[in-house]
Amino acid sequence: MSVLRICGGRRLEGEWTVHSAKNAVLPIMAASILTDEKTVLTDCPLLSDIGYMGDILETLGCRVERRAGSIHIDPQGLCSWEMPDALSKKIRSSIFLMGPILARFGKAAVTFPGGCEIGLRPIDLHLSGLRQLGVDIREEGGMIYCDGSCMKAGTVHFDYPSVGATENVMMAAVLLPGRTVLHNVAREPEIVDLQQFLRKMGADVNGAGTHTIVVEGVHKLHGVDYQPMADRIVAGTLLAAAAATGGSIRLYRTPCAELCAVFAKLREMGCAICEQDQTAVLQAPSRLNAFALLQTQPHPGFPTDMQVQMLALAAMAKETSVVVENVFENRFTHAGDLNRMGADIWVNGRTAVVKGTERLFGTKVAARDLRGGAALAIAALAAEGETTIERAELIDRGYERLEEMLSALGAQASRMDTGV
Ligand code: UD1
């Protein structure tokens, strides 16, 4: 087990360059098997979820190598259409391989994926999208068997704009002869990035970032070098960390346009934010204001992946804030830990009412999921005394050495590996 130790009370100041986005790298790694040529992804962070995706690709027959910040994927030896059970359960994103495996083999066997415990996270929308393209799907003994022998281009309508389902079906369609139109798709920036990657490979895909994606099937794709987009959630988390300490930081490689909803809330809390191209500069007030209402929604609404970090900020604001979580059912699990640090958060279903308090106190807490762990770190930076955050390995799913990022910005943060 890994433990983060943070001594609160230091203003964050300085500069940092944001790494590529986990949520962009993972689907792109899955898409790399749509060709048998080599793909090189640059500036990829060392994250456990990315490591697991590499392991899964290797068990399917690919060669995956990490060289400095790059990931080299050679899918020439791809030979299996069966996803490894135990590894697939480690990350939700293993499900992204269903579309590309179907596209390459015309069949796929996958297990139900794992991931952070932030809600039910079913995969019905993925399955429904593929069924609408003619894939025959049956479940047997915990496995999902997909037969794509009658799969053909066509029209898909999603009942809800799921990020993963949109990406999965997009990847399944790029090699299908004819036109596939996907309606009511998710509009997240990482889907636009996947489209950009697929187009570089030679795919004919348009419309990502809008409600409709149109795929004209091509015969063959080729390997490419690609730099996935920067991580808007890592950027948002660091800005929230600075805001918690009354700090002032400059972030490079920050997707400012994609952070519009987060910037709006931070500004409502009294932060001054200057954005220029891919650089964001935040100057926080000595005490944050509350925000009236924060509601998570699919993009371009407020991202659920930044909700709990904002909950931590609201806990130390001047008055009362209200947070409504609309995307996942189980994303207030850190309210109890924040309350043990002195916060006053009352949760009822999907709503949290946060009465801001002047002082938080360091104590022993535990991460329960990736973003919640980061939120505890934010609270710890503002708290009096030392906070230890157990199960910090969950934070490593999405932040490359969070303690190093925070230390570089002036925090007193370190890690202990307990070996348990
Ligand atoms: C992706 C992101 C995750 C982010 C989420 C929402 C990756 C690797 N992960 O997750 O960080 O929090 O988008 O922005 O990109 N749902 C169903 N049936 C399905 C699929 C989803 O009911 O088949 C529900 C989910 O339970 C959830 C909601 O739809 O309540 C949104 O999920 P989805 O957009 O699919 O998120 P993920 O792709 O899992």
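Residues numbered from 1 in each chain as written. Predicted model: local features only at pLDDT ≥ 70, side-chain atom pairs only at ≥ 80, totals over all residues. Heavy atoms only, no water.

Q: What exactly am I supposed to notice about the overall build of the protein chain here?
A: When you go through the protein chain residue by residue, the secondary structure sums to 13 helices and 23 strands. For 420 residues, the compact-globule estimate of 2.2 N^0.38 gives 22 Å, and the protein chain sits close to it at 21 Å. Projected onto its principal axes, the C-alpha positions of the protein chain cover 60 × 45 × 40 Å. Counting all 420 residues of the protein chain, 57% fall into the buried class. A separation threshold of at least 6 residues defines the contact pool for the protein chain, and within that pool the share at least 24 residues apart is 73%. Accessible area of the protein chain: about 15900 Å², with a carbon and sulfur share of 48%. Treating the 41 positive side-chain charges of the protein chain as one cloud and the 48 negative ones as another, the clouds have centres 2 Å apart. (Helix = DSSP H or I, 4+ residues; strand = E, 2+ residues; numbered from the N terminus. Rg over C-alpha atoms; globule rule 2.2 N^0.38 Å. Buried < 20%, exposed > 50% of the residue type's maximum accessible area, 1.4 Å probe, protein only. Contact = heavy atoms within 4.5 Å. Areas by Shrake-Rupley, 256 points an atom, 1.4 Å probe, with all protein chains shown as cover. Lys, Arg positive; Asp, Glu negative; His and termini not counted. Charge placed at Lys NZ, Arg CZ, Asp CG, Glu CD.)

Q: Help me understand the domain arrangement of the protein chain, please; the structure alone is not making it clear to me.
A: When the parts of a complex come together, some accessible area is lost, and that lost area is often used as the size of the interface. Under the domain assignment, the protein chain is made up of domain 1 (2-19 + 230-417) and domain 2 (22-226). Put simply, the middle of domain 1 and the middle of domain 2, counted by C-alpha atoms, are 30 Å apart. Across the contact, 24 residues belong to domain 1 and 23 residues belong to domain 2. Both faces considered, domain 1 and domain 2 share a buried interface measuring about 1900 Å² in area, 51% of it formed by carbon and sulfur atoms. Between the two partners, domain 1 and domain 2, sit 2 salt bridges. Taken together, the residues of the side of domain 1 that touches domain 2 sort by class into 6 nonpolar, 4 polar and 14 charged. (Domains from an automatic or database assignment. Buried area = accessible area lost by both parts, 1.4 Å probe. Salt bridge = Lys/Arg side-chain N within 4 Å of Asp/Glu carboxyl O. Nonpolar A, V, L, I, M, F, W, Y, C, P; charged D, E, K, R; others polar.)

Q: Is there a simple way to explain the nonpolar core in this structure?
A: In a soluble, globular protein the nonpolar side chains are often hidden away together inside. Core analysis: the largest hydrophobic core is formed by 76 residues, its most contacted members being Leu12, Leu266, Met310, Leu311, Leu313, Tyr399 and Leu406. The residues touching Leu12, leaving out its near neighbours within four places in the chain, are Ala241, Ala242, Thr245, Gly247, Ser248, Ile249, Leu381, Leu406, Leu409, Gly410 and Ala411. Residues Ile95, Met98, Leu130 and Ala173 belong to the second largest nonpolar core, which totals 70 residues. (Core = buried A, V, L, I, M, F, W, Y, C linked by side-chain atoms within 4.5 Å.)

Q: What is the right way to read the side chain of Asp337 from this model?
A: Tracing the chain through its elements places Asp337 in helix α11 (residues 335-340). Residues within four places of Asp337 in sequence aside, it is in contact with Val365, Ala366, Arg368 and Leu376.

Q: Any chance you could explain the pattern of salt bridges here in plain terms?
A: Two side chains with opposite charge may pair up if their charged atoms get near one another. Taken as a whole and judged by the stated rule, the model has 20 salt bridges. Shared partners join several salt bridges into a network, and the residues in it are Arg63, Glu65 and Arg67.

Q: Got a minute to help me understand helix α7 (residues 189-201) in this structure?
A: An α-helical segment advances 3.6 residues per turn. Residues three or four places apart therefore align on the same side. Along its 13 residues, α7 runs 19 Å from first to last C-alpha, staying within 8% of the 18 Å computed at 1.5 Å per residue. Those residues of α7 that sit buried are Pro189, Glu190, Ile191, Asp193, Leu194, Gln195, Phe197, Leu198 and Met201. Looking one or two places after α7, you find Gly202, whose phi comes out positive at around 110 degrees. (Expected span 1.5 Å × (residues − 1).)

Q: Can you help me understand the sheet that holds strand β3 (residues 39-41) in this one?
A: Strand pairing in a sheet relies on backbone hydrogen bonds. The paired strands run either parallel or antiparallel. Taking strand neighbours across the sheet as the criterion, the 4 strands line up as β4-β5-β3-β13 in an open arrangement whose pairing is mixed. At either end of the open sheet lies a strand with only one pairing partner, and these are β4 (63-67) and β13 (225-226). As paired strands, β4 and strand β5 (residues 70-74) are joined by 5 bridges and run antiparallel to one another. Paired with Arg67 across the strands is Ser70, a residue of β5. (Pairing = 2+ DSSP bridges.)

Q: Would you mind going over the packing of helix α8 (residues 232-244) against helix α12 (residues 370-382) with me for this structure?
A: The angle between the axes and the distance between the axes are what describe a pair of packed helices. For the pair α8 and α12, the least separation of the axes is 8 Å and the interaxial angle reads 20 degrees. It follows from the interaxial angle that α8 and α12 lie roughly parallel. Two packed elements cross with a definite hand, and for α8 against α12 that hand is right-handed. Here α8 contributes Ile233, Thr237, Ala240, Ala241 and Ala244 to the contact with α12, which in turn contributes Arg371, Ala374, Ile378, Leu381 and Ala382. Broken down by class, the residue content of the contact of α8 with α12 amounts to 8 nonpolar, 1 polar and 1 charged. (Axes fitted to C-alpha atoms, helices over the stretch in contact; angles between N-to-C directions. Parallel < 35°, antiparallel > 145°, perpendicular 65-115°, else oblique. Left-handed = near helix turned anticlockwise from the far one by under 90°.)

Q: Got a minute to help me understand the packing of aromatic side chains in this structure?
A: Aromatic ring pairs are reported here in terms of the distance separating the ring centres and the angle at which the planes meet. This structure, assessed with the given rule, holds 1 aromatic pair. Consider the rings of Phe197 and Tyr226, whose centres lie 5.4 Å apart with planes at 70 degrees: the pair is edge-to-face. Pair noted here: Phe197 is in helix α7 and Tyr226 is in strand β13, with a separation of 29 residues, a long-range link. When its relative accessible area of 0% is taken as the criterion, Phe197 is described as buried. (Phe/Tyr/Trp six-rings, centres within 6.5 Å; stacked < 30°, edge-to-face > 60°.)

Q: Help me understand the sheet that holds strand β19 (residues 344-348) in this model?
A: If you trace the 4 strands from one edge of the open sheet to the other, you get β17-β18-β20-β19, paired in mixed fashion. The sheet is open, and its two edges are formed by β17 (293-295) and β19, each paired on a single side. Recorded for the sheet is a direction-independent mean angle of 15 degrees between the axes of neighbouring strands. Helix α10 (residues 307-315) rests against β17, β18 (320-324), β19 and β20 (351-355) of the sheet, and its axis sits at about 30 degrees to β20.

Q: Mind showing me how you'd approach the site of the ligand here?
A: Every one of the 20 residues lining the ligand counts as a neighbour, but Asp124, Leu125, Ser162, Asp305 and Val327 are closest to it. Between an oxygen atom of the ligand and a main-chain N or O atom of Leu125, the distance comes to 2.7 Å. Protein coverage of the free-state accessible area of the ligand, which is 740 Å², stands at 89%. Listing elements by their share of the shell around the ligand, those giving two or more residues are α5 (124-131) and α6 (163-173). Among the elements that take part in the shell around the ligand, α5 stands out by supplying 3 residues, more than any other. (Near = heavy atom within 4 Å. Polar contact = N/O pair within 3.5 Å; in protein donor to acceptor, adjacent residues only side chain to side chain.)

Q: Teacher, can you tell me more about unusual backbone geometry here?
A: Apart from glycine, the bulk of residues carry a negative phi angle, and the bulk of peptide bonds sit in the trans form. In this structure, Pro300 follows His299 across a cis peptide bond, with omega equal to 15 degrees. Positionally, Pro300 belongs in the loop between β17 and α10. Its identity is not glycine, yet Arg253 carries a phi of approximately 50 degrees, on the positive side. Looking at where Arg253 falls in the secondary structure, it is placed in the loop between β14 (248-252) and α9 (260-268).

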